[in-house]
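Given next are the chains, with one letter for each unit.
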Amino acid sequence: MKVAVVGATGLVGTKMLQVLAERNFPVSELIPVASEKSVGKEITFKGKQYKVVSVEDAIKQKPDVAIFSAGGSTSLAQAPLFAAAGTTVIDNSSAWRMDPTKKLVVPEVNADVLTVDDKIIANPNCSTIQMVVALKPLHDKYKIKRVVVSTYQSVTGTGVKAVEQMFNERAGIDGPKVYPYTIDLNVIPQIDVFTENGYTKEEMKMVNETIKIMGDDSIKVTATTVRIPVMGGHSESVNIEFLHDFDLSEVKELLAKSPGIVVVDDIANLKYPMPLDAHDKDEVFVGRLRRDESQEKTLNCWIVSDNLRKGAATNAVQIAEYLAAKHLIGSAVEVE
C-alpha cells in the first residue's frame, strides 16, 4: 500500500513512522511529506532512506492513504487535495473533528462508522482518545450520565519546543518559551486558548469530541485540562456517574477484557498507572478504581496513556489498519 505521512519530520510524524514500522503496516511505498524547508531532507524508515517531498509531488503519486500531522491550517488546505485525488486522509489536527460531514474515530469505540466513501477521517484529541477507550465498555454496560475529568498532560503534547523549554529551565538555560510561564516545577491550568465560556479549547474538545465519538449526546462532560512538567504520557482523573449501578469487581473484569485497555489496580502493592510506565506503549492504562462515596452509581478512576502513540500516531495507524482489513482503501490487503 502506498502511504504518505504529511508532517513526517515533526514530533508526531516521526512517531507515526515508528508505529507504522513496528506494527508492520503493509507499506509498499512510503512518501514522506513536509513543509518546503524540509523538502529534500532524508528520513529513515525500516532501514531505508527516503527523501522528503512536497505536497504537490505527493499528490501526483496518488497514495492509497495519507496520514496527516501537520497542523490545522495545513490540513484544511491540503487534505481536500489528497481526497480529490482518491487518497483517504487520516488527519491528526483539530481541523475536521467537529465537521458534521466527517467521522471522528477511535477504533476500539466506533470504527464501524467508517465506509469506503470517507475520504477525510479525523483523529480525535489525545486526551479524549484515552478517556473514551475506557468509557466505551462502561457506557455499553451501565450507561453514562455524566463525566467529570481533570487532566495532567505531558509537555510532549505541545511539541518538541515545549520539551526543550522544560529541559532548558531545568538546566538553568534562558531559552525560547512556548508557554507563558515556567513549566518546570510548576503546573499550568491552561491548555490552548480560552473561549468565551471561560473554558479552554482543549477542555471544550474533550466535551464535544466525547459526545461525537460515543454517538450519544445525553452524556454530560465537564473538563479541566492542566499542563504538567512530565514526558511519557497524559494522566486523567475521571469521575463517571452511571444510570445503572455497578459492581466494582465486574467493572475491573469488564475493563481488563476490553480491547486496548490494561488494568493496573493493585493498591496493596502500590500498583497504579503512571506516565513513566505508559511511555512508548500503545495501551490505555486504567487504575485507582473505586466508588465515589459522595454519590451513588458513580465511579472514580485514573487513566494514563502515551499521548504521542495512542493519543496520536497509533490511533491514526489503527484507523488505517481497520480500513485496510475491511478493504476500504488500497488493494484487498488483509492486516493481521
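Anything mentioned here points back to the structure above.
Residues numbered from 1 in each chain as written. Predicted model: local features only at pLDDT ≥ 70, side-chain atom pairs only at ≥ 80, totals over all residues. Heavy atoms only, no water.

Trainee: Residues and numbers for the overall build of the protein, please.
Mentor: The helix and strand inventory of the protein stands at ten helices and 14 strands. The C-alpha radius of gyration of the protein comes to 20 Å, within 12% of the 20 Å expected for a compact globule of 336 residues. Its C-alpha atoms give the protein principal-axis dimensions of about 60 × 50 × 45 Å. Out of the 336 residues in the protein, the part that is buried amounts to 52%. Contacts in the protein between residues far apart in sequence, at least 24 positions, make up 66% of those at least 6 positions apart. Here the protein carries 38 positive and 44 negative side-chain charges, and the mean point of each set is 2 Å from the other. (Helix = DSSP H or I, 4+ residues; strand = E, 2+ residues; numbered from the N terminus. Rg over C-alpha atoms; globule rule 2.2 N^0.38 Å. Buried < 20%, exposed > 50% of the residue type's maximum accessible area, 1.4 Å probe, protein only. Contact = heavy atoms within 4.5 Å. Lys, Arg positive; Asp, Glu negative; His and termini not counted. Charge placed at Lys NZ, Arg CZ, Asp CG, Glu CD.)

Trainee: Got a sec to walk through the pattern of salt bridges? Specific residues and values, please.
Mentor: Applying the stated rule across the entire model yields 22 salt bridges. In this structure, the salt-bridge partner of Asp282 is Arg23, at a minimum N-O distance of 3.3 Å. Here Asp282 is found in the loop between helix H9 (275-278) and strand E13 (284-291), whereas its partner Arg23 is found in the loop between helix H1 (11-22) and strand E2 (29-33), with 259 residues between them in sequence. Overall, the relative accessible area of 17% leaves Asp282 in the buried class. With a shortest N-O distance of 3.8 Å, Lys141 and Glu250 are connected by a salt bridge. Of this pair, Lys141 sits in helix H5 (residues 126-142) while Glu250 is found in helix H8 (residues 248-257), placing the two residues 109 residues apart along the sequence. Exposure remark for Lys141: the relative accessible area of 45% places this residue in the partly exposed category. (Salt bridge = Lys/Arg side-chain N within 4 Å of Asp/Glu carboxyl O.)

Trainee: Explain the sheet that holds strand E6 (residues 88-91) to me, and be specific about the residues and the numbers.
Mentor: The strand order across the open sheet formed by six strands is E2-E1-E5-E6-E8-E7, and the pairing between neighbours is parallel. Each edge of the open sheet carries a strand with a single partner, namely E2 and strand E7 (103-104). This element, H1, spans strand E1 (2-6), E2 and strand E5 (65-68) of the sheet and lies at about 155 degrees to E1. Helix-sheet contacts for helix H10 (residues 309-325) involve E5, E6 and strand E8 (120-122), and the interaxial angle to E6 is about 155 degrees. (Pairing = 2+ DSSP bridges. Axes fitted to C-alpha atoms, helices over the stretch in contact; angles between N-to-C directions.)

Trainee: Explain unusual backbone geometry to me, using residue names and the numbers behind them.
Mentor: The residue Asn24 is not glycine, and still its phi comes out positive at about 55 degrees. Residue classification places Asn24 among the exposed positions, given a relative accessible area of 53%. In this structure, His327 takes a positive phi of about 60 degrees despite not being glycine. Within the fold, His327 resides in the segment after H10.

Trainee: So what's going on with the packing of H1 against H10? Residues and values would help.
Mentor: In the contact formed by H1 and H10, the axes pass within 9 Å of each other and the chain directions differ by 50 degrees. It follows from the interaxial angle that H1 and H10 lie oblique. Pair H1 / H10 crosses with right-handed handedness. Facing Val12, Lys15, Met16, Gln18, Val19, Leu20 and Glu22 of H1, the residues of H10 in contact are Arg309, Ala312, Ala313, Thr314, Ala316 and Val317. Partitioning the contact of H1 with H10 into residue classes produces eight nonpolar, two polar and three charged. (Parallel < 35°, antiparallel > 145°, perpendicular 65-115°, else oblique. Left-handed = near helix turned anticlockwise from the far one by under 90°. Nonpolar A, V, L, I, M, F, W, Y, C, P; charged D, E, K, R; others polar.)

Trainee: An account of the packing of aromatic side chains is needed here, citing residue identities and associated values.
Mentor: Applying the stated criterion across every chain, the model contains six aromatic pairs. Through successive ring pairs, a cluster of aromatic residues spans Tyr142, Phe242 and Phe246. Sitting over the ring of Phe246, Arg291 keeps its end group 4.1 Å from the ring centre. (Phe/Tyr/Trp six-rings, centres within 6.5 Å; stacked < 30°, edge-to-face > 60°. Lys NZ or Arg CZ within 6 Å of the ring centre and 35° of its normal.)

Trainee: Describe in detail the side chain of Asn300, supporting the description with residues and values.
Mentor: Considering the arrangement of structural elements, one finds Asn300 in strand E14 (residues 298-305). Judged by relative accessible area, which is 16%, Asn300 ranks as buried. A polar contact is formed between the side chain of Asn300 and the side chain of Asn239, at a distance of 2.9 Å. Aside from chain neighbours lying at most four places away, what touches Asn300 is Val238, Asn239, Arg288, Leu289, Arg290, Arg291 and Asp292. (Polar contact = N/O pair within 3.5 Å; in protein donor to acceptor, adjacent residues only side chain to side chain.)

Trainee: So, the nonpolar core: which residues are in play, and what are the values?
Mentor: Ranked by size, the top nonpolar core spans 51 residues in total, and within it Phe82, Val147, Ile240 and Val286 carry the most contacts. In terms of residue count, the dominant contributor to this core is H5 (eight residues). Setting aside residues up to four positions removed in sequence, Val286 forms contacts with Ala134, Leu255, Ile261, Val262, Val263, Val264, Pro273, Cys301, Trp302 and Ile303. (Core = buried A, V, L, I, M, F, W, Y, C linked by side-chain atoms within 4.5 Å.)

Trainee: Tell me about the environment of Ile303, and name the residues and values.
Mentor: By the element assignment, Ile303 lies in strand E14. Sequence-wise, Ile303 and Val109 are 194 residues apart; in three dimensions their C-alpha atoms are separated by 16 Å. With residues up to four places along the chain from it excluded, the contact list for Ile303 reads Gln130, Met131, Ala134, His234, Ser235, Glu236, Val238, Val284, Phe285 and Val286.

Trainee: Tell me about the pairing of strand E3 (residues 42-45), and please be specific about residues and values.
Mentor: Consecutive side chains along a regular strand alternate between the two faces of the sheet. Judged by which residues are buried, E3 turns out to be one-sided: Ile43 and Phe45 face inward and are buried, whereas Glu42 and Thr44, on the alternate face, are not. Pairing of E3 with strand E4 (residues 48-51) involves four bridges; the strand directions are antiparallel. Across the sheet, the residue bridging to Glu42 is Lys51, located in E4. The hairpin turn running from E3 into E4, its antiparallel successor, is two residues long, and Lys46 in that turn takes a positive phi close to 50 degrees.

Taken by themselves, the reported measurements are silent on function.
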